[in-house]
Amino acid sequence: MGDVVLQHLLSELPEVWKYEDIAAVAPVALSEHIAAVLDFLERGLDMTEVRTPPAAIEFARRLAEHGVPISELLRVYRLVHAGLLDQLYKETARVARSQELINATTLTLSAMAFEYADRTAEQAVAAYQRERDRWLQRRLIVINEAGTRIGTALDTTRTAQELADVGADHLADLVAVDLLSSALQEEGAYPVAGPATLRRIAQAVSDDCTDLAAVTGQTHTYPEDSEPARVLATGQPVRIGITADDVPPWLAMSADHELALRALGLRSMLLVPLWARGSPLGLAQFARRHTAEPFEEDELLLAQEIASRAAVNIDNACRYTQERSTALTLQRSLLPHHVADESAVETASRYLPSGSRAGVGGDWFDVIPRSGARVALAVAT
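1. Quick notes on empty space enclosed by the protein
Evaluated as defined, the whole model comprises 3 cavities of 30 Å³ or more. Here the largest cavity is characterised by a volume of approximately 300 Å³. Forming the walls of the largest cavity are 21 residues, and the residues nearest its centre are H33, Y77, V80, H81 and L84. Counting residues per element, the lining of the largest cavity draws most heavily on helix 4 (residues 70-95), at 7 residues. Looking at side-chain class alone, the lining of the largest cavity contains 18 nonpolar, 3 polar and no charged residues. Size it by volume and the second largest cavity reaches roughly 70 Å³. Looking at the second largest cavity, it is lined by 11 residues, and the ones nearest its centre are L174, A176, R200, L251 and Q285. Residue assignment for the lining of the second largest cavity shows that the elements contributing at least two residues are strand 1 (174-180), strand 2 (197-205), helix 9 (255-264) and strand 6 (279-289).

2. Side note on the packing of helix 5 (residues 99-149) against helix 6 (residues 156-170)
Relative to each other, helix 5 and helix 6 sit at 155°, their axes nearing to 10 Å. Taken together, the axis directions place helix 5 and helix 6 in an arrangement best described as roughly antiparallel. As for the relative orientation of helix 5 and helix 6, their crossing is right-handed in sense. Facing helix 5, whose interface residues are R138, V142, E145, A146 and R149, helix 6 presents E162, D165, V166, D169 and H170. Here the contact of helix 5 with helix 6 is composed, by residue class, of 3 nonpolar, 1 polar and 6 charged.

3. Focus: the pairing of strand 1
Within strand 1, 7 of the 7 residues are buried, leaving the element largely enclosed by the surrounding structure. Every second residue of strand 1 is oriented toward a common face, with L174, A176, D178 and L180 on one face and V175, V177 and L179 on the other, all of them buried. Here 7 bridges tie strand 1 to strand 2, and the two strands are oriented antiparallel to one another. Of the residues in strand 2, the one forming a bridge with V175 is A204. Bridge count for strand 1 against strand 6 is 6 bridges, and the pairing is antiparallel. Directly across from D178, in strand 6, lies its bridge partner L283.

4. Structural notes on the packing of aromatic side chains
Summed over all chains, the structure comprises 1 aromatic pair. A ring pair is formed by Y222 and W250, whose centres lie 6.2 Å apart and whose planes are at 80°; its orientation type is edge-to-face. With Y222 in the loop between strand 3 (219-221) and helix 8 (227-234) and W250 in the loop between strand 4 (238-241) and helix 9, the pair connects residues that are 28 residues apart, well separated along the chain. Of the two residues, Y222 and W250, neither departs from the other in class, the shared state being buried.

5. Examining the nonpolar core
By size, the foremost hydrophobic cluster in this structure holds 57 residues, and its most contacted members are V177, L274, F286 and I306. The element contributing the most residues to this core is helix 10 (residues 297-334), with 9 residues. The next biggest cluster of nonpolar side chains, apart from the first, holds 29 residues, and it includes L9, L13, A64 and A121.

6. Focus: the sheet that holds strand 5 (residues 266-276)
Taken in spatial order, the 6 strands line up as 3-2-1-6-5-4 in an open sheet, and their pairing is antiparallel. The open sheet has two edge strands, strand 3 and strand 4, and neither has a second partner. Sheet twist, expressed as the average angle between the axes of neighbouring strands with direction ignored, equals 30°. Set on the sheet, helix 6 makes contact with strand 1, strand 2, strand 5 and strand 6; between it and strand 2 the angle comes to about 45°. Where helix 8 meets the sheet, it contacts strand 2, strand 4, strand 5 and strand 6, and its direction lies at approximately 25° from that of strand 5.

The rules behind the values
Residues numbered from 1 in each chain as written. Predicted model: local features only at pLDDT ≥ 70, side-chain atom pairs only at ≥ 80, totals over all residues. Heavy atoms only, no water. 1 Å grid on protein atoms, 1.4 Å probe; cavity = no way out; pocket = protein on both sides within 12 Å on 5 of 7 lines; lining within 4 Å. Points joined across faces, edges and corners; volume = space filled by probe spheres on them. Helix = DSSP H or I, 4+ residues; strand = E, 2+ residues; numbered from the N terminus. Nonpolar A, V, L, I, M, F, W, Y, C, P; charged D, E, K, R; others polar. Axes fitted to C-alpha atoms, helices over the stretch in contact; angles between N-to-C directions. Parallel < 35°, antiparallel > 145°, perpendicular 65-115°, else oblique. Left-handed = near helix turned anticlockwise from the far one by under 90°. Contact = heavy atoms within 4.5 Å. Buried < 20%, exposed > 50% of the residue type's maximum accessible area, 1.4 Å probe, protein only. Pairing = 2+ DSSP bridges. Phe/Tyr/Trp six-rings, centres within 6.5 Å; stacked < 30°, edge-to-face > 60°. Core = buried A, V, L, I, M, F, W, Y, C linked by side-chain atoms within 4.5 Å.

So, to be careful, I would describe these as geometric facts and stop short of saying anything about function.
Written out as structure tokens, the structure is:
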């Protein structure tokens, strides 16, 4: 009976069974449901005593953890309900000797099955919702923490490293941040034309991956047909799976880095674009080892939220760096290029800008020759 119903579920809900833990717990949950139903039939127990089997509660929790919509959980109950009733009707028709007995048994089974399904589904939905509430609370905690830890200074490298650190603490075993060279050097929009050059500006690993040395400062390009290039061009994040022996060519920055990645044993990755003001700044990569669960859709959304906030801070840092460079260039052009040569006095000057973040002050000085070997010194703020 259980095998028939399980095969029906597999054919009707293929997306649910792609998760290994769900596929493992589903047969146990179904067996416990069947055992409970048969126990109530045999012993004539009161339906108010119905409790959802433990494996069925775990099944609901796993669906919530993987972000499977609650409608799919309810659909599972409808399919199981219909499948078990169909099997019970067939068994009744096989053993009953009169149509009257068949009709009476069918009515009894139907009433019992509907009450059992309603009660157990209600308890499973409550377990599902508790697990989703825990996930949403965790998500809010991570987002709030990211808000306080990312963007503490108008420094591009520091902001990128803060993004990597938060990702390694809460989401991934390895996080790398690549920024477009144009975003680091040029003012204005940052177009992606052809294979763009990026610089690995930050990297962080979880406590379980301390054997992987940080590789930062190197520049590289991604092939135009690679996943990172498409993410940069479209601004759309992606999830990808990685087999134990197949490290994508675009992921390894060098032969030594490839060996380290193979030893790490990557399983799943998130590629999240860093965009600001409608233009790409770079790319954040989140990776997990085979010892961890692959990334889920909810985790992709969380990574995207964190990366989006970081991108705004990185863009602000880039703009600040560009504006400060412009201001310092202007400042140097306005300062005197040589000290006034006076016979009556020797002069020397040193310019120390104010403590403002721009590094530019409004102070000025002048040396004015006067008659009779006199010199006027003027200093103003």
